[in-house]
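Notes for the structure review
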Amino acid sequence: MTAPASPTTARRAARVPAAYVLEDGRIFRGQAYGAIGETFGEAVFNTGMTGYQETLTDPSYHRQIVAMTAPQIGNTGVNDEDPESARIWVAGYVVRDPSRVSSNWRAKRSLDEELKAQGIVGISGIDTRALTRHLREVGAMRAGIFSGEALADDATMLERVRQAPQMEGADLCGEVATDEVYVVPAVGEKKFTVAALDLGIKGMTPHRMAERGIEVHVLPANATAEDVYAVGDNGNGPDGVFFSNGPGDPATADGQVAVLREVLGRKTPFFGICFGNQLLGRALGFGTYKLKYGHRGINQPVQDRTTGKVEVTAHNHGFAVDAPLDKVSETPFGRVEVSHVCLNDDVVEGLQCFDQPAFSVQYHPEAAAGPHDAAYLFDRFFALMEGQRA
Ligand SMILES: NC(=O)CC[C@H](N)C(=O)O
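From a predicted model like this one, the values you see are computed outputs, not experimental measurements.

1. Focus: the overall build of the protein
Scanning the protein from terminus to terminus reveals 11 helices and 20 strands. Since a compact globule built from 390 residues should have a radius of gyration of about 21 Å, the 22 Å found for the protein is in line with a globular shape. With the C-alpha coordinates of the protein rotated into their principal frame, the extents come out at 85 × 40 × 35 Å. Here the protein holds 390 residues, and 49% of them are scored as buried. Taking as baseline every contact in the protein between residues at least 6 positions apart, the subset at least 24 positions apart corresponds to 74%.

See below:
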């Protein structure tokens, strides 16, 4: 009779080799984590030390393979309260050291189990510092994770990665948004009604509005201006319009830009977050461009140029608005200023219209996960609607 395997031996036996293959030929080898198989997406990294559940379930990560720079992931397991949507959206997951123990009073299962249950292919045991430095130097690019039967010789895997679609030019918000309209009721007395275009909305966003007395009607990504103005009491249309975060290249979202131009033309109060900021930029006539490796994390310094204050903020974006920082721009919808800027790299992080009740930010005031410094932006939206009603 053989002695029972020690936990260490059992773990070793369970290890399945895996490879993380980048489009430029760099290969990291590790072990399968989560589901076994193959997956493709854009290689990006997230610097959050916490909030992995919110990251995994953020629809903006659709078609991206996310590497966590925090060395150990999974410590608090998975609960049923923190997801930002009904499923995990990342195309693949890359970690250094998966926690062997889930320890939290809210934990229902381990992260490994959750990744497996949702069929998310991941890899662990790779040098995520070297990976991140590489992506910072060379830029975000296509990648693939291969394990089990999918693990092949390097040339074959590389060829498969190079056949995957690029993020630039990808029109993805329709793939993650709701098909049906739904309503998030105001908490307490209802003060305003907002039509929110779901381009990949995170659950916390309507919640932040609802807790301020706003009833939020969440509309599919392909909603028309007519659909937007059908929201609200007595046929008067909504008190405000909101455009959410979302995956893909904002340059592809022509339909939504056309809707937004109609909203601006009617001077309805508007607030946009992330993808919504990029679309406000486009509606005003600015371009958007792909950043070298993007901003993804929960401690990015942003300056609110109207108050001079610096906020520590949550980010998840790979594209940005191309607007001048040093002057007020004249646009078909009046004067506009860059209201917020990232202090790491001077990327546009917010737009403020002067002749329109409209503004937007590139980062995440809903803070899920992340610091709450930017919560005042929901109050600004509320105040805009109050001003319009007065
Ligand atoms: N979180 C978002 O809304 C991301 C917007 C866009 N997909 C980008 O990567 O820049």
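2. Section: the UniProt feature "active site" (unreviewed entry) in the protein
Per the UniProt entry, the sites bearing "active site" (unreviewed entry) are Cys-274, His-364 and Glu-366 in this numbering. A maximum C-alpha distance of 11.1 Å among these annotated residues, which run over 93 residues, shows that they cluster at one spot. Looking at the element boundaries, Cys-274 is found in the loop between β14 (270-273) and α10 (275-283). In this structure Cys-274 comes out as buried when scored by C-beta crowding, with 31 C-beta atoms within 10 Å. Dropping the residues within four chain positions of it, Cys-274 is found in contact with Ser-60, Asn-245, Asn-316, His-317, Gln-362 and His-364. Relative to the helices and strands, His-364 resides in the loop between β20 (358-361) and α11 (376-389). If near-sequence neighbours (up to four positions away) are discounted, His-364 is found in contact with Ile-273, Cys-274, Thr-313, Ala-314, His-315, Asn-316 and Gly-370.

3. Regarding the site of the ligand
All residues in the neighbourhood of the ligand are listed as Ser-60, Asn-245, Gly-246, Pro-247, Gly-248, Cys-274, Phe-275, Asn-316, His-317, Gly-318 and Phe-319. At four residues, strand β16 (residues 310-322) tops the list of elements feeding residues into the shell around the ligand.

4. So, the UniProt feature "binding site: L-glutamine" (unreviewed entry) in the protein
UniProt's entry tags Ser-60, Gly-246, Gly-248, Phe-275, Gln-278, Asn-316, Gly-318 and Phe-319 with the feature "binding site: L-glutamine" (unreviewed entry), counted in the numbering of this structure. A compact arrangement is adopted by the annotated residues: their sequence extent is 260 residues, whereas the largest C-alpha distance between any two is 13.3 Å. Note that Ser-60 resides in the loop between α2 (52-56) and β4 (64-68). Among the structural elements, Gly-246 can be located in the loop between β13 (240-243) and α9 (254-265). The residues touching Gly-246, leaving out its near neighbours within four places in the chain, are Pro-59, Ser-60, Cys-173, Val-176, Leu-199, Gly-200 and Phe-275.

5. What to know about the pairing of β4
When you tally the buried positions in β4, you get five out of five residues, the bulk of the element. Burial along β4 is two-sided: the residues Gln-64, Val-66 and Met-68 and Ile-65 and Ala-67 are all buried. Strand direction decides the pairing type here: strand β3 (residues 38-46) and β4, joined by five bridges, are parallel. Paired with Asn-46 across the strands is Met-68, a residue of β4.

6. Concerning the pairing of strand β11 (residues 192-197)
Of all six residues making up β11, six are buried, and the element is well covered by its neighbours. Side chains Phe-192, Val-194 and Ala-196 of β11 all project onto a buried face; the interleaved residues Thr-193, Ala-195 and Leu-197 project onto the opposite face, where all are buried too. As judged from the six bridges shared by β11 and strand β12 (residues 214-219), these two strands associate in the parallel manner. When the bridges of β12 are listed, Thr-193 appears paired with Glu-215. Read as a crossover between parallel neighbours, the route from β11 over helix α7 (residues 204-210) to β12 is right-handed. In terms of strand pairing, β11 meets β13 through four bridges, oriented parallel. Its bridge partner being in β13, Ala-195 is matched across the sheet by Val-241.

7. A look at α11
Counted at 1.5 Å a residue, the expected span for α11 with its 14 residues is 20 Å, and the 20 Å between its end C-alpha atoms agrees. Among the residues making up α11, those that are buried are Leu-377, Phe-378, Phe-381, Phe-382, Leu-384 and Met-385. Looking down the long axis of α11, one finds its buried residues gathered within 155° of arc, a one-sided arrangement. Opposite the buried face of α11, at more than 90 degrees from it, the exposed residues are Asp-379 and Gly-387. Summarising the contacts, the buried residues of α11 are in contact with β11, α7, β13, β14 and β20.

8. Focus on unusual backbone geometry
Excluding glycine, residues mostly carry a negative phi; peptide bonds, for their part, are mostly trans. With omega at -5°, the peptide bond leading from Ala-368 into Ala-369 counts as cis. Tracing the sequence through the fold places Ala-369 in the loop between β20 and α11. The phi dihedral of Arg-63 is positive, around 70°, even though this residue is not glycine. Here Arg-63 shows up in the loop between α2 and β4. At Cys-274, a residue that is not glycine, the phi angle is positive and equals roughly 60°.

9. Remarks on the sheet that holds strand β9 (residues 141-147)
Reading around the circumference, β1-β2-β8-β6-β4-β3-β9 is the order of the seven strands in this closed barrel, with mixed pairing throughout. Geometrically, the sheet is characterised by an average inter-axis angle of 35° between neighbouring strands, direction not taken into account. Pairing geometry for strand β1 (residues 17-22) and β9, over five bridges, is antiparallel. When the bridges of β9 are listed, Ala-19 appears paired with Phe-146. Sheet strands touched by helix α4 (residues 128-138): β2 (27-34), β3, β4, β6 (92-94) and β9. Its angle to β4, the strand with the most contacts, is close to 125°. Most of the contacts of helix α5 (residues 154-163) go to β9, to which it runs at about 130°, and overall it touches β1, β2, β3 and β9.

Reading the values: the criteria
- Residues numbered from 1 in each chain as written.
- Predicted model: local features only at pLDDT ≥ 70, side-chain atom pairs only at ≥ 80, totals over all residues.
- Helix = DSSP H or I, 4+ residues; strand = E, 2+ residues; numbered from the N terminus.
- Rg over C-alpha atoms; globule rule 2.2 N^0.38 Å.
- Buried ≥ 20, exposed ≤ 12 C-beta atoms within 10 Å, placed from the backbone.
- Contact = placed C-beta atoms within 7 Å.
- UniProt positions renumbered as here; feature names shortened; annotations may be inferred.
- Near = placed C-beta within 6 Å.
- Pairing = 2+ DSSP bridges.
- Right-handed = clockwise from strand over helix to strand, strands pointing away.
- Expected span 1.5 Å × (residues − 1).
- Arc of directions from axis to C-beta.
- Axes fitted to C-alpha atoms, helices over the stretch in contact; angles between N-to-C directions.

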